[in-house]
Amino acid sequence: MKIKILTAAISLSLVACVTTTNDQSAETILSDNSSKTAVAKVSKEVKLTTVAKKVMPVESVSANGDIVITLEKIMSDPDWMGRSPQSWYWGDDNQTIFYKQKRAGSPLNDLFRQSTTGDQAEKVKLAQMHIVSDIYAQRNQANTHEVYTFEGNVFVKELANLSVQQLTYTSAYEYSAMFLNNGNVAYRVGNKFFEHDLSRNKVIELAHLQLKKDPEEIKNEQSYIASEQHELIAYVALQKRNNELRKNQQETLKSQNSTLTKSDFYLGEDKRINHASLSPNGDKLIVSISSSKSSQADSDIMPNYIADDGHIKAKKVRQRVADNRQYNDELFLLDLKSGQIFPLAYDVLPGADEDVLASVKAENYKREGKVYESEKSKRNIHVMQANSPIKWHENGKQVAVLLEAWDNKDRWLTTVNLMENKLESQHRLHDDAWINWSFNEFGWLKGDNTLYYLSEETGYSHLYSKNLTGKAKQLTRGQFEISEVSLTQDKSRFVFKANKKHPGIYEIYQVDVKSGEFSALTNLGGMNDYSLSPDDSTLLIEHSTVAMPPELYVQTLNDNATAVRLTHTVSEKFLSMPWTAPSVVAVPSSYQDEPVYSRVYLPENFDKTSEKNRAVMFSHGAGYLQNSHLGWSGYFREYMFHSLLVQQGYVVIDMDYRASAGYGRDWRTAIYRHMGKPEVQDMRDGVNWLVENANVDRKRIGTYGGSYGGFLTLMSMFTQPDLFQSGSALRLVSDWAYYNHGYTSNILNTPGDDAIAYERSSPIYFAEGLEKPLLINAPMVDDNVFFQDTVRLVQRLIELEKQDFETAIYPVEPHGFVQPSSWLNEYRRIYKLFENTL
């Protein structure tokens, strides 16, 4: 058997990882024997067996002089590691970058300015923040000015001399600032839209969206007794007449006097505005609304037992998917010149009335001894919850809207016919499982009639263009995913991020719009995110590797250009520690052709010990997340914990089980209607690989994970009790019916439609299968996965008379722990579990 391994750079310390040269991880095919030694190592193995029994100091050195990794150190406030750049962006001169950096020992961030020539970064003074906080600025068509908001006020910057003019100075909160095609600036305040005439310094109200009934409708909705009152009582009739005269006079005044505005649009009562997008011409608005009535129950609360006033506080929290109501948006086109409102009906969309859950409902009905009869009916449809789901063409004559079905099975990219005031479908993406919540980017190409968009229709996220009257054209193809698409200013090239080399390596690429020529812009290896400079000449890159946290680099788009490192924020203390850099291994699968990519941490001489090794399997959270890539992981504490385990002779594996991100649509949807089965199958393949390739004792393997990883710990131990000797489930999901609608209904539909999927996917139904030691760690103020999941599972285990489980609660912690003391306590318990059982 051949084992495919991606090795990280081998070095005696992480200092080698801070070089600014283009270190690219090499992919090699190794035989069984060679794979056992091709491991990236940064330390010698240190045997420790007493940590669980004796608290070690934060700093410790072994008898042979090696630094010992301790729980006290790695679970302390992470500021000691360094504070990587955050929220980075380009300055207007194409030669300056800005980034935020956390203050040491403080939750606050500071903004820094740095030249791309590599000069020392300097902190931006608070008095200058309004000048440089233009990360979301919009430029005018002439590219001479930009408009942006800072702390709720509107600013315009002249790009030639970088002078700034403040347009508003109010206690109101202005946002969504933009240039109109006439050169004026528009912005929004609440549900009002304004135009600021820069030449005459005049503010014009374009629209006031009123969430109440039109007074004319109310007048015509009189009840019987009200109409009788006006008929019989002269005084009431007189008052009505006088009020109408005053109102008519005011309306006449508005229509004949140009100094007064008539901008009210009545959208109905008990509504909320979800989206509102103004045309660059300032003459039209696309608005989506839905019901504002809450269906939350009084029981949708989360108790906080450690409140600042000493009392128990009940925080309102989200609904559960089992309780969540169906919803849809009403979509309107508002003509700001005529004052007309045009409903945009969804019935023109292909599949808008299909019964897409017919087979699912039929299966569930059959279980109940009933027969389901399918029939067409209007589906609930709404504007997609994506970044900027409504996009106007820069000329203001076309607008595109991205829509999705409430049942998660369809996405429509539509345009609005502004002559006939109706929707037109440009592209329908249907998925029998669910539409991805990622890869929904789209926009306009040069000219009036061409869109570009991302779609998973081939099984991977790729880029397409489509003329409004023609067929779609696929611009990229292959077994990789692209995202973060940017269109250059001249609209000749797309720049994007993709994992073309390998599922775990993300480089920056470009494709020519006309020729389709595809080329790589970076060759750094690892994980790379980017931002194009305003003049499209240079990339600002956030680069990381498996063993090196993110730093910022710049690279020009010239041929043979190399990336130059700008920031050095990782601490010397972190660099001096003997971390173990994992290898990324393609673990063969017993269930599909594609392997399961996994991070593997191996101790020195793992294949030469007379006694077989112990091992731990970590399962990442979120489900749809990629952790076995070649960049720095968000699970940095786990990375350090795994290095600690390796020092003590453990082997550690961290798998991107089916459901993980980065491997295409089929990998993502493998868990549809049965969460916990494909993933546990992959976990078994991982265990088999450890036994066959890492000299691991099958009877000395434990597992742990948080959130979705906690769910997998439960499912593996309940349904496959022979697989692990012990496990720890952190902030676990025990019953998917209690989780949120947006995530869960994608994968399992809803309990009302698909109870079968929920029951075979929820650990609480399989708790009787527990045979090995289980540690449950649960935060109590978790508004993501409720503490109730733990409480119900524990009660179930008690009633089943299970004895070999323990529960630790954390009264002040949310889903992601914050306090170092909680992190330390949690991982002491996990470590002790493995030491005692493996």
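Residues numbered from 1 in each chain as written. Predicted model: local features only at pLDDT ≥ 70, side-chain atom pairs only at ≥ 80, totals over all residues. Heavy atoms only, no water.

**Considering the pattern of salt bridges**
And step 1. The final tally for this structure, using the stated rule, is 43 salt bridges.
And step 2. A salt bridge links E551 to R565; the shortest N-O distance between them is 3.2 Å. Taken together, the residues E551 in strand β39 (residues 548–556) and R565 in strand β40 (residues 564–565) connect sequence positions 14 residues apart.
And step 3. Taking relative accessible area as the criterion, E551 reaches 1% and is therefore assigned buried.
And step 4. D682 is the salt-bridge partner of R658, the closest N and O atoms lying 3.1 Å from each other. Residue R658 is found in the loop between β44 (651–655) and α10 (665–668), and its partner D682 is found in helix α11 (residues 677–693); the two are separated by 24 residues along the sequence. Across this residue pair, the class does not change: R658 and D682 are buried. (Salt bridge = Lys/Arg side-chain N within 4 Å of Asp/Glu carboxyl O. Helix = DSSP H or I, 4+ residues; strand = E, 2+ residues; numbered from the N terminus. Buried < 20%, exposed > 50% of the residue type's maximum accessible area, 1.4 Å probe, protein only.)

**A few points about the packing of helix α5 (residues 224–232) against helix α6 (residues 234–256)**
And step 1. At a minimum axis separation of 5 Å, α5 and α6 run at an interaxial angle of 100 degrees. The angle between α5 and α6 places the two elements in the roughly perpendicular class. Two secondary-structure elements touch here, α5 through Q229, H230 and L232 and α6 through A234, V236, A237 and K240.
And step 2. Each residue belonging to the contact of α5 with α6 can be placed in one class, and the counts come to four nonpolar, two polar and one charged. (Axes fitted to C-alpha atoms, helices over the stretch in contact; angles between N-to-C directions. Parallel < 35°, antiparallel > 145°, perpendicular 65-115°, else oblique. Contact = heavy atoms within 4.5 Å. Nonpolar A, V, L, I, M, F, W, Y, C, P; charged D, E, K, R; others polar.)

**Overview of the sheet that holds strand β19 (residues 284–291)**
And step 1. Reading across the sheet, the four strands line up as β18-β19-β22-β23 and stay open at both edges, with antiparallel pairing between neighbours. Across the chains shown, the open sheet's two edge strands, defined by having one partner strand only, are β18 (271–278) and β23 (340–343). Adjacent strand axes in the sheet meet at a mean angle of 25 degrees when their direction is disregarded.
And step 2. With six bridges connecting them, β19 and strand β22 (residues 330–335) associate as antiparallel partners. Looking at β22, one finds that I289 is bridged to E330. (Pairing = 2+ DSSP bridges.)

**Thoughts on the pairing of strand β6 (residues 96–102)**
And step 1. Here β6 lies mainly inside the structure; five of its seven residues are buried.
And step 2. Note: strand β5 (residues 86–90) against β6, three bridges, orientation antiparallel. Within β6, the position partnered with W90 by the bridge is I97.
And step 3. Joining the antiparallel neighbours β5 and β6 is a turn of five residues, in which N94 adopts a positive phi near 65 degrees.
And step 4. Here β6 runs beside strand β7 (residues 109–115); their pairing, made up of seven bridges, is antiparallel. Across the sheet, residue F98 finds its bridge partner in β7, namely R113.
And step 5. Between the antiparallel neighbours β6 and β7 lie six residues, among them G105 with a positive phi of about 70 degrees.

**Remarks on helix α9 (residues 636–647)**
And step 1. Compared with an ideal rise of 1.5 Å per residue, which puts 12 residues at 16 Å, α9 spans 17 Å between its outermost C-alpha atoms and is within 8% of the ideal.
And step 2. Most of α9 is tucked away, with 12 of its 12 residues classed as buried.
And step 3. Phi turns positive, to about 95 degrees, at G649, one or two residues after α9. (Expected span 1.5 Å × (residues − 1).)

**Structural notes on the environment of L403**
And step 1. Inspection of the secondary structure assignment puts L403 in strand β26 (residues 399–405).
And step 2. Sequence-wise, L403 and Y810 are 407 residues apart; in three dimensions their C-alpha atoms are separated by 41 Å.
And step 3. Setting aside residues up to four positions removed in sequence, L403 forms contacts with L331, Y346, L349, I381, H382, V383, M384, D410, R411, W412, T414 and L423.

**Side note on helix α12 (residues 708–719)**
And step 1. Helix length check: α12, at 12 residues, gives a terminal C-alpha distance of 16 Å against a target of 16 Å (1.5 Å per residue), a fit within 8%.
And step 2. Among the 12 residues of α12, 11 are classified as buried, and the element is accordingly described as predominantly covered.
And step 3. Listed in full, the buried residues belonging to α12 are Y708, G709, G710, F711, L712, T713, L714, M715, S716, M717 and F718.

**Focus on the pairing of strand β31 (residues 462–467)**
And step 1. Summarising burial for β31: five of the six residues are buried, a large majority.
And step 2. Examined bridge by bridge, strand β30 (residues 450–455) and β31 share six bridges and lie antiparallel to one another. Residue pairing across strands places Y453 opposite Y464, the latter belonging to β31.
And step 3. Counting the residues that bridge the hairpin from β30 to β31 gives six residues, and of these G459 lies at a positive phi of roughly 105 degrees.
And step 4. Summarising the sheet, β31 and strand β32 (residues 472–474) pair through three bridges and their orientation is antiparallel. Within β32, the position partnered with Y464 by the bridge is Q474.
And step 5. Hairpin connection, β31 to β32: the antiparallel pair is bridged by four residues.

**A few points about the side chain of H642**
And step 1. By the secondary structure assignment, H642 is in helix α9.
And step 2. At a separation of 2.8 Å, a polar atom in the side chain of H642 contacts the side chain of Y704.
And step 3. For H642, the residues in contact, after removing those within four places along its chain, are Y601, F618, V652 and Y704. (Polar contact = N/O pair within 3.5 Å; in protein donor to acceptor, adjacent residues only side chain to side chain.)

**Remarks on the confidence of the model for the chain**
And step 1. Averaged over every residue, the pLDDT of the chain is 91; residues scoring 70 or more account for 92%.
And step 2. Note on residues 1–57: pLDDT is under 50 here. Beyond four places in sequence and across chains, it has 145 contacts. (pLDDT = per-residue confidence, 0-100.)

**Describing the nonpolar core**
Side chains of nonpolar character tend, in soluble globular proteins, to be buried together.
And step 1. Counting residues in each nonpolar core, the largest one holds 95 residues, and the members touching the most others are F574, F641, Y708 and W736.
And step 2. Not counting residues within four places of it along the chain, the set of residues in contact with F641 comprises L71, I74, M75, Y704, Y827, I830 and Y831.
And step 3. Listed in part, the 20 residues of the second largest apolar core include A352, V401, A405 and V416. (Core = buried A, V, L, I, M, F, W, Y, C linked by side-chain atoms within 4.5 Å.)

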